[in-house]
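So you can see what is in the structure, the chains are spelled out below.
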Amino acid sequence: EFHFGPCHVEGVALLELWKAFGAMKDIVVTQDKIMSVRLLKQEVFQNVSDAESCYLAHELLKFYLHTVFKDYYHKVVEFKIMKSFSTLANNLFVIMSKLQPRQENETVSIRESAHRRFLLFWSAFKQLNTEAALTKAFGEVDILLTWMGKFYRH
Amino acid sequence: MPKPTNITFFSINMKNVLQWNPPEGLHGIELTYTVQYFIYGQKKWLSKSECRQINRTYCDLSTETSDYEHQYYAKVKAIWEANCSEWAETERFYPLLETQIGPPEVALAASEKSISIVLTAPEKWKRNPEDPTVSMQQIYSSLNYNISVYNTKSKRMWSQFVTNHTLVLSWLEPNTLYCVTVESFVPGLPGHTQPSQQCVSTLKDQTSTLKVK
């Protein structure tokens, strides 16, 4: 299960996500020709506090599901990787929907800190043309899963 | 001129060695190779002077790829006299994910009916022998172990999952050879590890030898 600070998520086997992404990685990453840009830079995840992690995970997963996965689907069909793609997307959807980050006043500063990290990613995404940005973001799911893995308890 | 082939990183405990095969169809020709590497998200290809115009088909890039949270590319080209091939390039290499975690060190101590097991995680590669030692446990804080125990007399085997470094196996049979296989793994990471195996015999049952006297 995941422990993103106060947010606990059970019932998702991270290894299944890795297997799903592993089956797609070579196809997807070789499509990314822009080596000089990394969207999920180290600064996005550097020293994320436990308290922040729930907000950041929720915001990143929401963006991935509602934008990256949605708009990249035509490529998934083209590359014939629908099965692995749906395993990955469905599991990430379960995690996102179980993350219930608190919204009280005293969490404002933590939320803002997590949002600034998300904006680092988002602004880099916006600087690329859409197709290249979607391909790059999808190819960086291993960076996202590696960070999420730090909050995973066996 | 054809490119080198099968260019990949071979990585264990963060020792990251680039290796490749000579270009096809050029056996017996005295080729040299030049390597470059790229840090994903940065701006340009970088050279390693020790891997410029070399005869061997490998290049240790451990120092250049030591920040394991970064991702890298590498490429190599073949050179023969005035000719040189196109670059052959690796996939994106992610040390944190792709390095193999070597076998743990396993210390066994047996008594009549028990075996105590002490595990030590392997050491991370280091540039100089005098550099401070870093354990792979410090990189993968949730490094766990799966211990399988095989009774060579009864041919029975059982396994146990261990999160810390010591385990005592009790209620064993005296004077019996037991083989212990230890595999480390990181929950939530698809890494590959190398198991280690050791065998030890429990001591003879002292009480039965006293009766005989």
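This text goes with the structure placed above it.
Residues numbered from 1 in each chain as written. Chains lettered and ligands numbered in written order. Predicted model: local features only at pLDDT ≥ 70, side-chain atom pairs only at ≥ 80, totals over all residues. Heavy atoms only, no water.

Student: I would appreciate a short explanation of the layout of surface pockets in the present structure.
Tutor: Summary: where empty space remains is shown by rolling a probe the size of a single water molecule over the atoms. Quantified by volume, the largest pocket comes out at close to 510 Å³. Residue assignment for the lining of the largest pocket shows that the elements contributing at least two residues are helix 1 (14-29) of chain A together with strand 1 (5-12) and helix 1 (95-98) of chain B. The element best represented in the lining of the largest pocket is helix 1 of chain A, accounting for 8 residues. Roughly 350 Å³ of volume is contained in the second largest pocket. As for the second largest pocket, its lining consists of 16 residues, of which A:Lys150, B:Ile139, B:Tyr140, B:Ser141 and B:Ser142 are closest to the centre. For the lining of the second largest pocket, the secondary structure elements donating two or more residues are helix 7 (141-149) of chain A together with helix 2 (136-139) of chain B. For the lining of the second largest pocket, the per-class residue count stands at 8 nonpolar, 5 polar and 3 charged. (1 Å grid on protein atoms, 1.4 Å probe; cavity = no way out; pocket = protein on both sides within 12 Å on 5 of 7 lines; lining within 4 Å. Points joined across faces, edges and corners; volume = space filled by probe spheres on them. Helix = DSSP H or I, 4+ residues; strand = E, 2+ residues; numbered from the N terminus. Nonpolar A, V, L, I, M, F, W, Y, C, P; charged D, E, K, R; others polar.)

Student: Is there a simple way to explain helix 3 (residues 50-79) of chain A in this structure?
Tutor: Because each turn of an α-helix spans 3.6 residues, side chains separated by three or four positions end up pointing in the same direction. Residues and elements named next belong to chain A. Along its 30 residues, helix 3 runs just 37 Å from first to last C-alpha, ending more than 12% under the 44 Å computed at 1.5 Å per residue. The sharpest bend along helix 3 measures roughly 50° and falls at Tyr73. Where helix 3 ends, the next residue or the one after it, Lys80, has phi of about 60°, a positive value. (Expected span 1.5 Å × (residues − 1). Bend = angle between axes of the 7 residues up to and from the residue.)

Student: Explain a nonpolar patch on the surface to me, please; I cannot follow it from the model alone.
Tutor: All names here are of chain A. On the surface, Tyr73, Val77 and Met82 cluster together into a nonpolar patch covering about 250 Å² of accessible area. Take Tyr73: it is sitting in helix 3. Take Tyr73: its relative accessible area is 39%, and that puts it in the partly exposed class. (Patch = residues over 30% accessible without salt bridge, like charges linked within 9 Å, V, L, I, M, F, W, Y side chains within 5 Å. Areas by Shrake-Rupley, 256 points an atom, 1.4 Å probe, with all protein chains shown as cover. Salt bridge = Lys/Arg side-chain N within 4 Å of Asp/Glu carboxyl O. Buried < 20%, exposed > 50% of the residue type's maximum accessible area, 1.4 Å probe, protein only.)

Student: What exactly am I supposed to notice about the interface of chain A and chain B here?
Tutor: Reports often express the size of an interface as the amount of accessible area lost when the parts come together. On the side of chain B, 25 residues touch chain A, which itself brings 23 residues to the contact. In total, chain A and chain B occlude about 2000 Å² of area from one another, counting both sides; carbon and sulfur atoms represent 55% of this. Summed over the shared surface of chain A and chain B, the number is 3 salt bridges. The residue A:Lys150 makes a salt bridge to B:Glu69 at a minimum N-O spacing of 3.0 Å. Viewed at the interface, chain B and chain A are joined by 14 residue pairs in polar contact (both at pLDDT 80 or more). Residue assignment for the side of chain A that touches chain B shows that the elements contributing at least two residues are helix 1, helix 6 (130-139) and helix 7 of chain A. In terms of residue count, the dominant contributor to the side of chain A that touches chain B is helix 1 of chain A (6 residues). In terms of residue class, the side of chain A that touches chain B is made up of 9 nonpolar, 6 polar and 8 charged. (Contact = heavy atoms within 4.5 Å. Buried area = accessible area lost by both parts, 1.4 Å probe. Polar contact = N/O pair within 3.5 Å; in protein donor to acceptor, adjacent residues only side chain to side chain.)

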